[in-house]
Amino acid sequence: MAYAQYNTPEKAWTALQWYVHEIYAPLSALYSGAPLELKRTGEPRSFWRRAKDGTAIHVPIAADIASTSADLLFPHPPRCAVFHGDDRTAEDSQQARLNEILDLNRFAGKLSEAAETASALGDVYFKLRWTEDAGAPLIDIVQPDSALPEYAAGRLARIHFFTPLFVDYENNRWIRVYECYEPGRIASRLYSGDAGNLGTRLGDAELRKMGVEPIAELPVGDLPAVHIPNLRPNRRFRESMRGRSDLDGLRGLCDALDEAYSSWIRDVRLAKARTIVPAEYLRRKPSQMLEGLSRAGSWEFDAEVETYVAMDIDPATSKTGITLQQYDIRSAQHAETCRDLLERIVTHAGYSPQSFGMDIKGTAQSGTALTIRERRSLTTRERKSAYWTDAVEALLTAALHLDAALFPQHGMHPEDKVKVEFAAASEIDLQSVSSAVESLYRAQAVSLETRVAMQHPDWDSAQRQEEIDRIREEFSIGVPDPVEIDPALGAAESEPEPEGAPQNPGQSDNAPPDGDDA
């Protein structure tokens, strides 16, 4: 077995906890928006550290970014196809088995869920497990603060998982299952500790009671787990294989946005109309007159009274009277500040402001205009999809290999592979594409195969070939010339006409030539 950098669970746990406290906790606070977490993980002079309880408001732009990222990556489930080897399409029954595994695991929903987590925290993981009752490999999402990847020569070698099994919050007691996933092998242990410590190892007998063997040799050589980075490089650890969060470097701007928005709402609270009256206009509260008149706050102003008792006050020297006070709301200034901060946050995260409903000015655009407007968001999506494609293909291929070994009655083959094709980021503007295809066709610049590919970029080669064959059949494209099939037809057409026959078969001998009067 290759040398492991974290050759004990304790070392892996220590390394993971450093990442949790230094990297994942601040990002998780931004993503969740929990005030206590924002205050606990904020910088010493940050707005949330300085804000008093109940006066700060969090703008959930971090959660919006993560949600939008998932929507862009998976607007529709990707197409997953089974192949024998590299290019031979599998049988229908095998494709149906893959679809059954995906439906059993509700894989489309898990992809979207995992994509949101990866955007917020920078990484996410999938792992395989199985039970006899399920009758198929099961796919689990693992959050990045519960897993530690280990790479060797740039390739994923193993993943350490720490899964909470039982939590007693009152006594701060945690039971965790440690799993080390390697190619063809899963090692498991059970630990009892607290929230921040792995604790002591329990006996293997406890594991076996759960139906888990301490060492499980797999019937296949695949690594039954994958690590999916959100983006690379990781700006803080450039040599690391860990992913980079979309929120990386945005803590200060998000803190400023919360401060600006909280100031705006403070203006709204202060701008409530208030009535200032002299003490002579106040009356005792009945409930407090019995307790004593010296108690503070025992006076109130009755706004419904229409007549007051005349007071012996010199009007030239007295400023007594009822005064209404209402402050202005600096809505325009606050709105402009918040808008500028939002645009900076979204742009730094790698997205177009228009993806979040900003700067659209009520116009509906499609086709080329939409692509240009959303270019930054679509570029970020393409970068992310490369990591997702490789990981999902490796995960589903390992799942099929396990299915072939553990449940051979379903007919999967040990050499089957899965290829994944992402759906388009947004609906295709059919009119714009058709116009472009027509222009290229008139210019004789593209073939029929290219035109079909432009019209249906989400189809695979087999689907496109079927469409090409139907078009050729319907419009008789490429149909052989009848003369080539039967040369006698051409000979018959070229026979000389009998002597004396009329030049125009539609005219008789006595008919006048065209243009002459009868």
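Treat the numbers as computed from the prediction; the structure is a model and nothing was measured.

Parameters and conventions
Residues numbered from 1 in each chain as written. Predicted model: local features only at pLDDT ≥ 70, side-chain atom pairs only at ≥ 80, totals over all residues. Heavy atoms only, no water. Helix = DSSP H or I, 4+ residues; strand = E, 2+ residues; numbered from the N terminus. Buried < 20%, exposed > 50% of the residue type's maximum accessible area, 1.4 Å probe, protein only. Contact = heavy atoms within 4.5 Å. Areas by Shrake-Rupley, 256 points an atom, 1.4 Å probe, with all protein chains shown as cover. Pairing = 2+ DSSP bridges. Axes fitted to C-alpha atoms, helices over the stretch in contact; angles between N-to-C directions. Expected span 1.5 Å × (residues − 1). Bend = angle between axes of the 7 residues up to and from the residue. Parallel < 35°, antiparallel > 145°, perpendicular 65-115°, else oblique. Nonpolar A, V, L, I, M, F, W, Y, C, P; charged D, E, K, R; others polar. Patch = residues over 30% accessible without salt bridge, like charges linked within 9 Å, V, L, I, M, F, W, Y side chains within 5 Å. Salt bridge = Lys/Arg side-chain N within 4 Å of Asp/Glu carboxyl O. Phe/Tyr/Trp six-rings, centres within 6.5 Å; stacked < 30°, edge-to-face > 60°. Polar contact = N/O pair within 3.5 Å; in protein donor to acceptor, adjacent residues only side chain to side chain. Core = buried A, V, L, I, M, F, W, Y, C linked by side-chain atoms within 4.5 Å. pLDDT = per-residue confidence, 0-100.

**Student:** Just to check I follow, could you spell out the overall build of the protein chain for this structure?
**Tutor:** The helix and strand tally for the protein chain stands at 17 helices and 16 strands. Split into buried and exposed, the 518 residues of the protein chain put 37% on the buried side. In the protein chain, 61% of the contacts between residues at least 6 apart in sequence involve partners at least 24 apart. Carbon and sulfur atoms make up 51% of the accessible area of the protein chain, which amounts to about 30,800 Å² in all.

**Student:** Teacher, can you tell me more about the sheet that holds strand β2 (residues 88-89) here?
**Tutor:** Remark on secondary structure: sheet strands pair via backbone hydrogen bonds, oriented parallel or antiparallel. Strands sit in the order β2-β1-β16 across an open sheet of 3 strands; the sheet is antiparallel. In this open sheet, the two edge strands, each paired with only one partner strand, are β2 and β16 (416-421). Relative to β2, strand β1 (residues 79-84) runs antiparallel, the two sharing 2 bridges. Along β2, the bridge assignment pairs phenylalanine 83 with threonine 89. The strands touched by helix α5 (residues 92-104) within the sheet are β1 and β16, with β1 carrying the most contacts at an inclination of about 140 degrees.

**Student:** So what exactly am I meant to see when it comes to the pairing of β1 here?
**Tutor:** The buried count for β1 comes to 5 of 6 residues, which makes it a mostly enclosed element. Of the pairings in the sheet, the one linking β1 to β16 comprises 6 bridges and is antiparallel in character. Counterpart to valine 82 in the pairing with β16 is valine 418.

**Student:** I would appreciate a short explanation of unusual backbone geometry in the present structure.
**Tutor:** Generally, phi is negative for residues other than glycine and the peptide bonds are trans, each holding for most cases. The peptide bond linking arginine 232 to proline 233 adopts the cis configuration, its omega dihedral lying at 5 degrees. Relative to the assigned elements, proline 233 resides in the loop between β11 (225-229) and α8 (251-270). One non-glycine residue, alanine 153, adopts positive backbone phi at about 55 degrees. Counting through the fold element by element, alanine 153 comes out in the loop between β5 (147-152) and β6 (155-168).

**Student:** Looking at this structure, how should I read the sheet that holds strand β3 (residues 123-130)?
**Tutor:** The sheet built from 3 strands is open, its strands ordered β4-β3-β11 with antiparallel pairing. For this open sheet the edge positions go to β4 (137-142) and β11, each flanked by a neighbour on one side alone. Within this sheet the neighbouring strands show an average axis-to-axis angle of 20 degrees, counted without direction. Strands in contact with helix α6 (residues 107-121) are β3 and β4; relative to β3, the strand with the most contacts, it is inclined by about 145 degrees.

**Student:** Hey, could you run me through helix α12 (residues 375-406) in this one?
**Tutor:** The α-helix advances 3.6 residues per turn, and as a result positions three or four apart in sequence lie on the same side. The terminal C-alpha atoms of α12, which comprises 32 residues, lie 46 Å apart, in line with the 46 Å expected from a rise of 1.5 Å per residue. At serine 385, α12 shows its strongest bend, of approximately 25 degrees.

**Student:** What's the story with the packing of helix α1 (residues 9-32) against α6 in this structure? I'm lost.
**Tutor:** With their axes 9 Å apart at the nearest point, α1 and α6 run at an angle of 120 degrees to one another. Taken together, the axes of α1 and α6 are oblique relative to one another. Packed against α1, whose contacting residues are Tyr24, Leu27, Ser28 and Tyr31, the element α6 presents Glu116, Ala120 and Leu121 at the interface. Across the contact of α1 with α6, the residue classes break down as 5 nonpolar, 1 polar and 1 charged.

**Student:** Looking at this structure, how should I read a nonpolar patch on the surface?
**Tutor:** A cluster of nonpolar side chains, namely Leu165, Phe166 and Met210, defines an oily patch on the protein surface of about 280 Å² accessible area. Mapped onto the elements of the fold, methionine 210 is located in the loop between α7 (204-209) and β10 (215-217). Residue methionine 210 is classed as partly exposed on the basis of its relative accessible area, which comes to 37%.

**Student:** How should the packing of aromatic side chains be read in this particular structure?
**Tutor:** In this structure the tally under the stated criterion is 14 aromatic pairs. Here tryptophan 13 and phenylalanine 162 contribute two aromatic rings whose centre-to-centre distance is 5.2 Å and whose plane-to-plane angle is 70 degrees, an arrangement assigned as edge-to-face. Residue tryptophan 13 is located in helix α1, and its partner phenylalanine 162 is located in strand β6; the two are separated by 149 residues in the primary sequence. Its relative accessible area of 9% is what places tryptophan 13 among the buried residues.

**Student:** Is there a simple way to explain the side chain of aspartate 246 in this structure?
**Tutor:** Along the chain, aspartate 246 falls in the loop between β11 and α8. In this structure the side chain of aspartate 246 is engaged in a polar contact, spanning 2.6 Å, whose partner is the side chain of lysine 384. Those residues in contact with aspartate 246 that sit more than four places away from it in its chain are Ile65, Ser69, Ser119, Asn230, Leu231, Ala349, Tyr351 and Lys384.

**Student:** Before we go on, may I ask you to explain the pairing of β3 in this structure?
**Tutor:** Consecutive side chains of a regular strand alternate in pointing toward one face of the sheet and then the other. Of all 8 residues making up β3, 6 are buried, and the element is well covered by its neighbours. The pairing of β3 with β11 spans 5 bridges and is antiparallel. Counterpart to valine 124 in the pairing with β11 is isoleucine 228. Both β3 and β4 contribute to a ladder of 6 bridges, which runs antiparallel. Note on β4: the bridge partner recorded for phenylalanine 126 is isoleucine 141. Hairpin geometry of β3 and β4 is characterised by an intervening segment of 6 residues between the two adjacent antiparallel strands and by a positive phi of about 75 degrees at glycine 135.

**Student:** What's the story with the packing of helix α4 (residues 61-73) against α12 in this structure? I'm lost.
**Tutor:** Any two packed helices are characterised by the angle at which their axes cross and by the distance between the axes. Remark: α4 packs on α12, axes separated minimally by 10 Å, with the N-to-C direction vectors making an angle of 70 degrees. By the criterion of interaxial angle, the relationship of α4 to α12 is roughly perpendicular. Each of Ser69, Leu72 and Leu73 in α4 lies in contact with α12, whose residues at this interface are Ser377, Arg381, Lys384, Ser385 and Trp388. For the contact of α4 with α12, the per-class residue count stands at 3 nonpolar, 3 polar and 2 charged.

**Student:** Honestly, the nonpolar core in this entry has me stumped. Any pointers?
**Tutor:** Burial of nonpolar side chains together is a common tendency in soluble globular proteins. Counting residues in each nonpolar core, the largest one holds 44 residues, and the members touching the most others are Ile61, Ile65, Phe162, Leu257 and Ile345. Looking at this core, the elements with two or more residues in it are α1, α3 (47-50), α4, α6, β7 (173-182), β8 (185-193), α8 and α10 (331-348). At 11 residues, α1 tops the list of elements feeding residues into this core. Other than its neighbours up to four places away in sequence, phenylalanine 162 contacts Pro9, Ala12, Trp13, Leu16, Ser146, Val177, Tyr178 and Leu198.

**Student:** Would you take a moment to explain the confidence of the model for the protein chain for this structure?
**Tutor:** When pLDDT drops low, the exact placement of atoms in the prediction is not to be read closely. Confidence in the prediction of the protein chain, expressed as mean pLDDT, is 82, and 74% of residues score 70 or more. Put simply, helix α9 (residues 286-289) is where the protein chain has its lowest mean pLDDT, 53, and β11 is where it has its highest, 98.

**Student:** Sorry, what's going on with the environment of serine 46 here?
**Tutor:** Tracing the sequence through the fold places serine 46 in the loop between α2 (35-41) and α3. Put simply, serine 46 and glutamate 259 are 213 residues apart on the chain and 9.4 Å apart in space, counted from C-alpha to C-alpha. There is a polar contact of 2.8 Å between the side chain of serine 46 and the backbone oxygen of glutamate 43.

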